[in-house]
Amino acid sequence: MAVEAVGSKFSRNNHYILAAMCLVFAVWFAYDGWINKTYQQEETREDGTPTANLQFNRYAPIGLAAIAVYSLLVAAQVKNKRITADENGLTINGKAVIPYSSVTHIDKRFFEKEGHYTIGYKEGDAEQTLKLSDRKYDGLGLLLDELIRRTGAAPAGAASGREDQQKNA
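One structure accompanies this document, and this report is about it. A quick note: this is a predicted structure, and the numbers were derived from the prediction, not measured.

## Regarding the overall build of the protein
For step 1, the next point in the chain: Looking only at helices and strands, one finds 6 helices and 8 strands in the protein.
For step 2, the next point in the chain: Listed by position from the N terminus, the elements making up the protein come as β-α-α-α-β-β-β-β-α-β-β-β-α-α.
For step 3, the next point in the chain: The C-alpha atoms of the protein give 26 Å as radius of gyration, which overshoots the globular expectation for 169 residues (15 Å, by more than 25%).
For step 4, the next point in the chain: Its C-alpha atoms put the protein at 90 × 40 × 30 Å along the principal axes.
For step 5, the next point in the chain: Intrachain contacts of the protein at a sequence separation of at least 6 include 54% that bridge at least 24 residues.
For step 6, the next point in the chain: Within the structure as shown, the protein displays about 11200 Å² of accessible surface, and the carbon and sulfur contribution to it stands at 56%.
For step 7, the next point in the chain: Charge separation in the protein, taken as the distance between the mean sites of 20 positive and 20 negative side-chain charges, equals 3 Å.

What follows is the structure, given as structure tokens:
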């Protein structure tokens, strides 16, 4: 049975929040820079040239709108992110496949507290690492369990528990 981790709602919602904030500030700055005549009079020098504040309010909305559009595009792509653990190996976003036989270690020490773990694997002659975070993917706990089951990795503390039992006997 294939286990799948999908794009995180945390990440998607953060991108939506960023887009909303950028749009609100873009509208606010555009209003002050182009529509609000009192603000424009306050921020215009005696020789008729605009101050740096007025210039900022006129042109910052362009950059803020671009950031908002980019954030909305990234938020829409988050739901398409997937990591699948099936009989072939670990498939990342439908492209890269990491066979279970190439996995060298799984470092899950920080999964409970910080929400991430690292998978070490060999690709050709090089040692590679892949860090998976619950801020980018939902369902990583089940994926970790499946990885441990498929690779035969010993659970954390299993070796030290046996040593303690032998010392006590």
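So that's the structure; there's more coming.
## Focus: the nonpolar core
For step 1, the next point in the chain: Core analysis: the biggest nonpolar cluster contains 22 residues, and Ile-83, Leu-90, Tyr-117, Leu-132, Leu-140 and Leu-143 have the highest contact counts within it.
For step 2, the next point in the chain: Going through the elements one at a time, β1 (3-7), β2 (82-86), β3 (89-92), β5 (103-107), β6 (116-123), β7 (126-133) and α5 (140-151) are the ones with two or more residues in this core.
For step 3, the next point in the chain: Discounting chain neighbours no more than four positions away, the residues touching Leu-132 are Ile-83, Gly-115, His-116, Tyr-117, Ile-119, Tyr-137, Leu-140 and Leu-143.
For step 4, the next point in the chain: The next biggest cluster of nonpolar side chains, apart from the first, holds 7 residues, and it includes Ala-19, Cys-22, Phe-29 and Leu-64.

## Regarding helix α1 (residues 9-35)
For step 1, the next point in the chain: Helix length check: α1, at 27 residues, gives a terminal C-alpha distance of 38 Å against a target of 39 Å (1.5 Å per residue), a fit within 8%.
For step 2, the next point in the chain: Within α1, burial applies to Ser-11, Ala-19, Cys-22, Ala-26, Phe-29, Asp-32 and Gly-33.
For step 3, the next point in the chain: Taken together, the buried residues of α1 touch α2 (37-42) and α3 (52-78).
For step 4, the next point in the chain: The N-cap residue of α1 is Ser-8: its side-chain oxygen and the backbone nitrogen of Phe-10 are 3.0 Å apart.

## As for the pairing of β2
Walk down a regular strand and you will see the side chains alternate between the two sheet faces.
For step 1, the next point in the chain: Counting buried residues along β2, 4 of its 5 residues qualify, which places the element largely inside the surrounding structure.
For step 2, the next point in the chain: In this sheet, β2 lies alongside β1 in antiparallel orientation, the contact comprising 4 bridges. Considered in β2, the bridge of Val-6 is made with Arg-82.
For step 3, the next point in the chain: Bridging between β2 and β3 involves 4 bridges; their strand directions are antiparallel. Note on β3: the bridge partner recorded for Thr-84 is Thr-91.

## A few points about the pattern of salt bridges
For step 1, the next point in the chain: The final tally for this structure, using the stated rule, is 4 salt bridges.
For step 2, the next point in the chain: With its nearest N and O atoms 4.0 Å apart, the salt bridge here joins Arg-82 to Glu-4. One end of the pair, Arg-82, is in strand β2; the other, Glu-4, is in strand β1, with 78 residues separating them in the sequence.
For step 3, the next point in the chain: A relative accessible area of 41% places Glu-4 in the partly exposed class.
For step 4, the next point in the chain: A salt bridge links Arg-149 to Glu-146; the shortest N-O distance between them is 2.9 Å. Within this pair, Arg-149 and its partner Glu-146 are both found in helix α5, separated by 3 residues, close to a single helical turn.

## Points about the pairing of β3
For step 1, the next point in the chain: The turn joining β2 and β3, which pair antiparallel and follow one another in sequence, is formed by 2 residues.
For step 2, the next point in the chain: Sheet topology places β3 next to strand β4 (residues 96-98); 3 bridges connect them, and they run antiparallel. From the neighbouring strand, Thr-91 faces β4, where its bridge partner is Val-97.
For step 3, the next point in the chain: Linking two consecutive strands that pair antiparallel, namely β3 and β4, is a turn of 3 residues; a positive phi of about 55° is found at Asn-93 within it.

Criteria and cut-off values
- Counting starts from 1 at the beginning of each chain's written sequence and moves along it residue by residue.
- Two thresholds apply to this predicted model, a pLDDT of at least 70 for residue-level local features and 80 or more for giving and counting side-chain atom pairs, whereas whole-chain, interface and lining totals are computed over all residues.
- Hydrogen atoms and water are omitted, and side-chain values are computed over all heavy atoms in the structure.
- Only runs of H or I of at least four residues qualify as helices and only runs of E of at least two qualify as strands under DSSP, and these elements are numbered from the N terminus.
- C-alpha atoms define the radius of gyration in this analysis, and the globule rule sets the expected value at 2.2 Å times the number of residues to the power 0.38.
- A contact between two residues is defined here by any heavy atoms of the two lying within 4.5 Å.
- The Shrake-Rupley method, run with a 1.4 Å probe sphere, supplies the accessible areas, and residue values consider only the shown protein chains as cover.
- Residues scored as positive are Lys and Arg, those scored as negative are Asp and Glu, and His as well as the terminal groups of each chain are ignored.
- Working definition for charges: the position is that of NZ of Lys, CZ of Arg, CG of Asp or CD of Glu.
- By nonpolar core we mean a set of buried residues, namely Ala, Val, Leu, Ile, Met, Phe, Trp, Tyr and Cys, connected to one another through side-chain atoms within 4.5 Å.
- Remark: exposure states derive from per-residue accessible area (1.4 Å probe, protein chains only) relative to the maximum for the residue type, with buried under 20%, exposed over 50%, and partly exposed in between.
- To estimate how far a helix should reach, multiply one less than its number of residues by 1.5 Å.
- Identification of polar contacts relies on pairs of N or O atoms within 3.5 Å, with a donor-acceptor requirement for protein atoms, meaning one able to donate a hydrogen and the other able to accept it, and with residues adjacent in sequence counted only if both atoms are side-chain atoms.
- In this description, strands pair whenever DSSP reports at least two bridges between them.
- Each salt bridge in this description consists of a side-chain nitrogen of Lys or Arg and a carboxyl oxygen of Asp or Glu lying within 4 Å of one another.

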